[in-house]
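# Structure at a glance
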Amino acid sequence: MAVRLDKVLSELGVASRRELKQIIKAGRVSVNGQTVTGPEKHVDPDTDEICLDGEILRLRRFRYFMMDKPAGVLSVTEDRRQKTVLELLPPELKRLELFPVGRLDKDTEGLLILTNDGDFAHRVISPKSGVEKRYRAEVEGIPDEDDARAFAEGLILADGTHCLPAKLEITGGSVCFVTVMEGKYHQVKRMLASRGKPVQRLRRLSVGELEIGEDLGAGGFRELEENDLCKVLKGFHTVN
Ligand code: URA
């Protein structure tokens, strides 16, 4: 389907519509090898080869990013008063209509995936997909083998909520690692609190086999490639 060139480029997050007019007029964009200077030119994003400064643009409808969410920001798309994770992105990515895949609490840090692919998000979040989310928790008290057994059996929280069996790795100190396949409200905090080990600090380390590491730094992000997405869904996902 033919779409205006500036619209296609803007949806790709290349620049704003106004900046794109300048970029196109300056002769920096080509379509199928021909330089184009009119932003109104219609192109077919599925079949035309569009280049900016000689580089082929990847015309991908769906985009995926990982962010090292800092504490103190909300993992929602907008909020009137408080800062959101989307505000940490540069302006050109704000146009992609990304949203967080599941939520991390305001004070939770670590791996947050952002995408505009609703099906992908659903698959990552749904406990049926069996995607494991692993957290590092610093708690009051020292989690022990009894706690690990209770996690493995499936905890029942104070309000009667049943949790699926989960993994608790103990270290002999106040740091422990929790792996869950579901994402109920404040789940990890409530699980540990139910064992008398309230959480002081929580960081998500991985989703599926995709790990955050320490390289991005708080608030840092990077685009995910197909191999990253395969790690998230362990090979069940095919991109676009
Ligand atoms: N569990 C929690 O309690 N909080 C989070 O942010 C994520 C999982």
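Residues numbered from 1 in each chain as written. Predicted model: local features only at pLDDT ≥ 70, side-chain atom pairs only at ≥ 80, totals over all residues. Heavy atoms only, no water.

### Considering unusual backbone geometry
For clarity, the threshold we go by: Where helices and strands are cited, they refer to DSSP runs of H or I of at least four residues and of E of at least two residues respectively, numbered from the N terminus. The classification of residues rests on relative accessible area computed with a 1.4 Å probe and restricted to protein chains. Under 20% of the type maximum is buried, over 50% is exposed, and intermediate values are partly exposed.
A positive phi angle, near 50°, is found at Asn 32, a position not held by glycine. Tracing the sequence through the fold places Asn 32 in the loop between β2 (29-31) and β3 (34-35). By relative accessible area, which is 43% here, Asn 32 ends up partly exposed. The phi dihedral of His 186 falls on the positive side, at around 50°, and the residue is not glycine.

### With respect to the domain arrangement of the chain
Stated precisely, the cut-off is as follows: Start and end points for every domain follow an automatic or database-based domain assignment.
With domains assigned, the chain is organised as domain 1 (3-56), domain 2 (64-127 + 209-233) and domain 3 (132-207). Placing a centre on the C-alpha atoms of domain 1 and another on those of domain 3 gives a separation of 49 Å.

### As for the nonpolar core
What counts here: The definition of a nonpolar core used throughout is a set of buried Ala, Val, Leu, Ile, Met, Phe, Trp, Tyr and Cys residues joined through side-chain atoms within 4.5 Å. Residue contacts are defined here by distance: any two heavy atoms, one from each residue, within 4.5 Å place the two residues in contact.
Grouped together as the largest cluster of nonpolar side chains are 31 residues, with contacts concentrated most on Leu 114, Phe 151, Val 178, Met 191 and Leu 192. Looking at this core, the elements with two or more residues in it are β7 (64-69), β9 (109-115), β10 (133-139), α5 (145-153), β12 (175-180), α6 (187-194) and β13 (199-207). Counting contributing residues, this core receives three or more from each of domain 2 (64-127 + 209-233) and domain 3 (132-207). Each residue touching Met 191, except ones within four places of it in the same chain, is listed here: Phe 151, Leu 155, Leu 157, Cys 163, Ala 166 and Val 180.

### Overview of the pairing of β7
Put simply, the rule is: Whether two strands pair comes down to DSSP finding at least two bridges between them.
Most of β7 is tucked away: 6 of the 6 residues are buried. Residues Tyr 64, Met 66 and Asp 68 point to one face of β7 and Phe 65, Met 67 and Lys 69 to the other, with burial holding for every one of them. Both β7 and β9 contribute to a ladder of 6 bridges, which runs antiparallel. When the bridges of β9 are listed, Asp 68 appears paired with Leu 111. Sheet analysis places β7 next to strand β15 (residues 221-223), joined by 3 bridges and oriented antiparallel. Looking at β15, one finds that Met 67 is bridged to Phe 221.

### Notes on the pattern of salt bridges
Our working rule: The salt bridge definition used is simple: a Lys or Arg side-chain nitrogen within 4 Å of an Asp or Glu carboxyl oxygen.
Per the stated rule, a full pass over the model turns up 17 salt bridges. Residues joined in a network through salt bridges with shared partners are Arg 4, Asp 6 and Arg 17.

### Here we look at helix α2 (residues 17-25)
Filter applied, for reference: Note that the arc is defined by the directions from the helix axis to the C-beta atoms.
Turning to α2, its buried residues number three or more, namely Leu 20, Ile 23 and Ile 24. Projected down its long axis, α2 carries its buried residues within an arc of 95°, all on one side. Facing away from the buried side of α2 by over 90 degrees, the exposed positions are Arg 18, Gln 22 and Lys 25. For α2, the elements touching its buried residues are α1 (5-11), β2 and β5 (50-52). Following α2 by one or two positions, Gly 27 adopts a phi angle in the positive range, close to 80°.

### Some details on the site of the ligand
For clarity, the cut-off: To be near a molecule or strand, a residue needs just one of its heavy atoms within 4 Å of it. Two N or O atoms form a polar contact when they lie within 3.5 Å of each other; inside protein one atom must be a possible hydrogen donor and the other a possible acceptor, and for residues adjacent in sequence the pair counts only when both atoms belong to side chains. Values of accessible area rely on a 1.4 Å probe in the Shrake-Rupley scheme; residue burial ignores everything except the protein chains shown. Residues are grouped as follows: nonpolar covers Ala, Val, Leu, Ile, Met, Phe, Trp, Tyr, Cys and Pro; charged covers Asp, Glu, Lys and Arg; every other residue, Gly included, is treated as polar.
Around the ligand, the structure places Leu 104, Asp 105, Thr 108, Tyr 135, His 186, Gln 187, Val 188, Lys 189 and Leu 202. Gln 187 is positioned with one of its backbone polar atoms (N or O) 3.4 Å from an oxygen atom of the ligand. Relative to its unbound accessible surface of 230 Å², the ligand loses 95% to contact with the protein. With 3 residues, the top contributor of residues to the shell around the ligand is α6. Here the residues of the shell around the ligand are counted per class, giving 4 nonpolar, 3 polar and 2 charged. Structurally, the shell around the ligand is a two-domain feature, drawing no fewer than three residues from each of domain 2 (64-127 + 209-233) and domain 3 (132-207).

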